[in-house]
Amino acid sequence: MNVPFVDLSAQYAQIESDVEHALKRVLQQTSFILGEEVSLFEEEFAAYCGVDCAVGVDSGTSALELLLRAYGIGPGDEVITVANTFIATTLAISYVGARPVLVDADPQTYTIDVTAIESAITPRTCAVIPVHLYGQPANMDAITAIAERHNLVVIEDACQAHGAWYKGRRVGSLGHAAAFSFYPGKNLGAYGDGGLIVTNDSHIANSIRALRNYGSVQKYHHPVLGYNRRLDTLQAAVLRIKLRHLDTWNAARRSHAEQYNARLCKRELSLPTIAEHATSVYHLYVIRVPDMRGALQSSLQTRGIATGIHYPVPIHLQPAYEHLGYAAGDFPVTEFFAEQILSLPMYAELSPEQLDCVITAVNCCLKEQVSERPVAQAA
Ligand SMILES: *Cc1c(COP(=O)(O)O)cnc(C)c1O
């Protein structure tokens, strides 16, 4: 049996006729740019998150970048985020000319270590970007308390956490604003690139509306230097259909995670820890394999099971960020994770047989490898 890492075709099979009708409608209306589907999707997604405003853009990276611009963050400013994230989080900070200031990850939840934030704050710090990594909300109460004390903007990177909950509230409603990505493999994915910002601040939402559309508020009138960063009408039409299924799909992911939690061999692995206040949407199911990740990954591959590493090289050790001046050892928790983490197949349509296959294979491979370990010499 083959178990891919994600299976977008299984999802498409469920929604094929709805998608075809919606795409056909857009094609017939020819409203390809900022058509009705875009504003309808924005309204529906804002309501889903429990916020007032949503503005569609062309990617999650753009959503983060345009938010930073809308808040007036630029050269000379510092923005705090976590070393354990996808590089797009820090790229957005770099694009506006600000400096990414990294802090380590929490050893339990893998999200930003809130105890390390305050010592990273300087007079130049303007904002903090917590990342709801792997689908788990960051420790937002602690973060907003620090931000209030130091007058910082809180921008949630919710690109991996569509629909996740924190103390009864959806991610996207927890900071001043949030960025979502609709990259195809995300929990809510388009059929191409897409992104969106949400906020309760209509002033910020209006700035983003202008920034995504050449800086215009009224056609051919440009108070600011804007960009071409809109969400396509075709993508919005697809996303409207998928949004109706998101809670069901996320619940299926959670149920798969429960199976993994209950049945994977805990002696040789560290399983994900979800904080008490959080409901994860398991964008990824990430285990830690202390001694033999490489061996486990390749024996799973031989058995037709695909896995991933999210992420193998921490941001501060990427050549692209050499100029920040960080070194190995600066963020030990993040570095330790990078050596041990392994993402198992995770998507709503995983069948019970596929789950059995992954669980049996992981447990089997671990047992084989443990028995092959050289026996310690008696003194
Ligand atoms: C996917 C992702 C992004 C970027 O989204 P794109 O739509 O690919 O630009 C940003 N941050 C995190 C944590 C992500 O996973």
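Reference entry: report on the structure contained in this document. (Residues numbered from 1 in each chain as written. Predicted model: local features only at pLDDT ≥ 70, side-chain atom pairs only at ≥ 80, totals over all residues. Heavy atoms only, no water.)

## Concerning the site of the ligand
Around the ligand there are 14 residues in total, and Gly60, Thr61, Asp157, Ser181 and Lys186 lie nearest to it. Take Lys186: an N or O atom from its side chain is 3.1 Å from an oxygen atom of the ligand. Within the complex, the protein chains bury 93% of what would otherwise be the 380 Å² of accessible surface of the ligand. A breakdown of the residues in the shell around the ligand according to their chemical character gives four nonpolar, eight polar and two charged. (Near = heavy atom within 4 Å. Polar contact = N/O pair within 3.5 Å; in protein donor to acceptor, adjacent residues only side chain to side chain. Areas by Shrake-Rupley, 256 points an atom, 1.4 Å probe, with all protein chains shown as cover. Nonpolar A, V, L, I, M, F, W, Y, C, P; charged D, E, K, R; others polar.)

## Some words on the sheet that holds strand β1 (residues 53-57)
Pairing within the open sheet is mixed, and its seven strands lie in the order β1-β9-β8-β5-β4-β2-β3. Because the sheet does not close on itself, it has two edges, and the strands there are β1 and β3 (99-103). Adjacent strand axes in the sheet meet at a mean angle of 25 degrees when their direction is disregarded. Here β1 runs beside strand β9 (residues 195-199); their pairing, made up of five bridges, is antiparallel. Residue pairing across strands places Val55 opposite Ile197, the latter belonging to β9. Together, β2 (78-82), β3, β4 (125-129) and β5 (153-157) form the strand contacts of helix α4 (residues 88-95), whose direction differs from that of β3 by roughly 150 degrees. (Pairing = 2+ DSSP bridges. Helix = DSSP H or I, 4+ residues; strand = E, 2+ residues; numbered from the N terminus. Axes fitted to C-alpha atoms, helices over the stretch in contact; angles between N-to-C directions. Contact = heavy atoms within 4.5 Å.)

## Structural notes on the packing of aromatic side chains
For the structure on display, the rule yields 13 aromatic pairs. Taking 6.0 Å as the distance between ring centres and 35 degrees as the angle between the ring planes, the aromatic pair formed by Phe45 and Tyr48 counts as tilted. Within this pair, Phe45 and its partner Tyr48 are both found in helix α2 (residues 36-49), separated by three residues, close to a single helical turn. For the pair Phe45 and Tyr48, a shared accessibility class is recorded, and that class is buried. Relative to Tyr311, the ring of Phe86 has its centre 5.6 Å away and its plane inclined at 35 degrees; by these criteria the two rings are tilted. (Phe/Tyr/Trp six-rings, centres within 6.5 Å; stacked < 30°, edge-to-face > 60°. Buried < 20%, exposed > 50% of the residue type's maximum accessible area, 1.4 Å probe, protein only.)

## Quick word on unusual backbone geometry
Residues His310 and Tyr311 are joined by a peptide bond in cis, for which omega reads 20 degrees. On the secondary structure map, Tyr311 appears in the loop between α9 (293-302) and α10 (332-340). In this structure, Leu34 takes a positive phi of about 50 degrees despite not being glycine. By secondary structure assignment, the location of Leu34 is in the loop between α1 (8-29) and α2. Residue Leu34 is classed as partly exposed on the basis of its relative accessible area, which comes to 32%.

## Details of the state of the cysteines
Enumeration according to the criterion identifies zero disulfides in this entry. There is no disulfide at Cys49, and the cysteine sulfur nearest it, in Cys53, is 12 Å away. (Disulfide = S-S within 2.5 Å.)

## Notes on the sheet that holds strand β7 (residues 169-170)
Taking strand neighbours across the sheet as the criterion, the three strands line up as β7-β6-β10 in an open arrangement whose pairing is antiparallel. The open sheet is flanked by β7 and β10 (278-279), the only strands paired with a single partner. Where strand β6 (residues 165-166) and β7 come together, two bridges link them in antiparallel fashion. Opposite Trp165, over in β7, you have Arg170 as the bridge partner.

## Focus: the pairing of β3
With four of five residues buried, β3 lies mostly within the body of the structure. Of the strand pairs in this sheet, β2 and β3 are connected by five bridges, and their pairing is parallel. Considered in β3, the bridge of Val82 is made with Val103. Note that the unit made of β2, α4 and β3 has a crossover that is right-handed. (Right-handed = clockwise from strand over helix to strand, strands pointing away.)

## A few points about the pattern of salt bridges
For the structure on display, the rule yields twelve salt bridges. Put simply, Arg240 and Glu37 hold a salt bridge, and the shortest N to O gap is 3.0 Å. Of this pair, Arg240 sits in helix α7 (residues 233-243) while Glu37 is found in helix α2, placing the two residues 203 residues apart along the sequence. Grouping residues by exposure puts Arg240 and Glu37 together as buried. Through salt bridges with shared partners, a single ionic network connects Arg25, Glu37, Glu44 and Arg240. (Salt bridge = Lys/Arg side-chain N within 4 Å of Asp/Glu carboxyl O.)

## Observations concerning the nonpolar core
It is characteristic of soluble globular proteins that their nonpolar side chains tend to be buried jointly. Grouped together as the largest cluster of nonpolar side chains are 55 residues, with contacts concentrated most on Phe41, Phe45, Ile143, Phe180, Phe182 and Val198. Breaking this core down by element, the ones donating at least two residues are α2, β2, β3, α5 (140-150), β8 (177-181), β9, α7 and α10. With six residues, α2 is the largest single contributor of residues to this core. Every residue in contact with Ile143, bar those within four places of it in the chain, is listed here: Ile112, Val114, Ile117, Val128, Pro130, Ala138 and Val154. (Core = buried A, V, L, I, M, F, W, Y, C linked by side-chain atoms within 4.5 Å.)

## Topic: the environment of Asp18
Within the element layout of this structure, Asp18 appears in helix α1. Linking Asp18 and Gln369, residues 351 residues apart in sequence, is a C-alpha distance of 47 Å.

## A word on the packing of helix α8 (residues 246-263) against helix α11 (residues 352-372)
Packing of α8 against α11 brings their axes to within 11 Å, and their N-to-C directions diverge by 30 degrees. Classified by the angle their axes make, α8 and α11 are roughly parallel. When you trace α8 past α11, the crossing you get is right-handed. On α11, the residues that touch His256, Gln259, Tyr260 and Arg263 of α8 are Leu355, Asp356, Val358, Ile359 and Asn363. Here the contact of α8 with α11 is built from residues that sort into four nonpolar, three polar and two charged. (Parallel < 35°, antiparallel > 145°, perpendicular 65-115°, else oblique. Left-handed = near helix turned anticlockwise from the far one by under 90°.)

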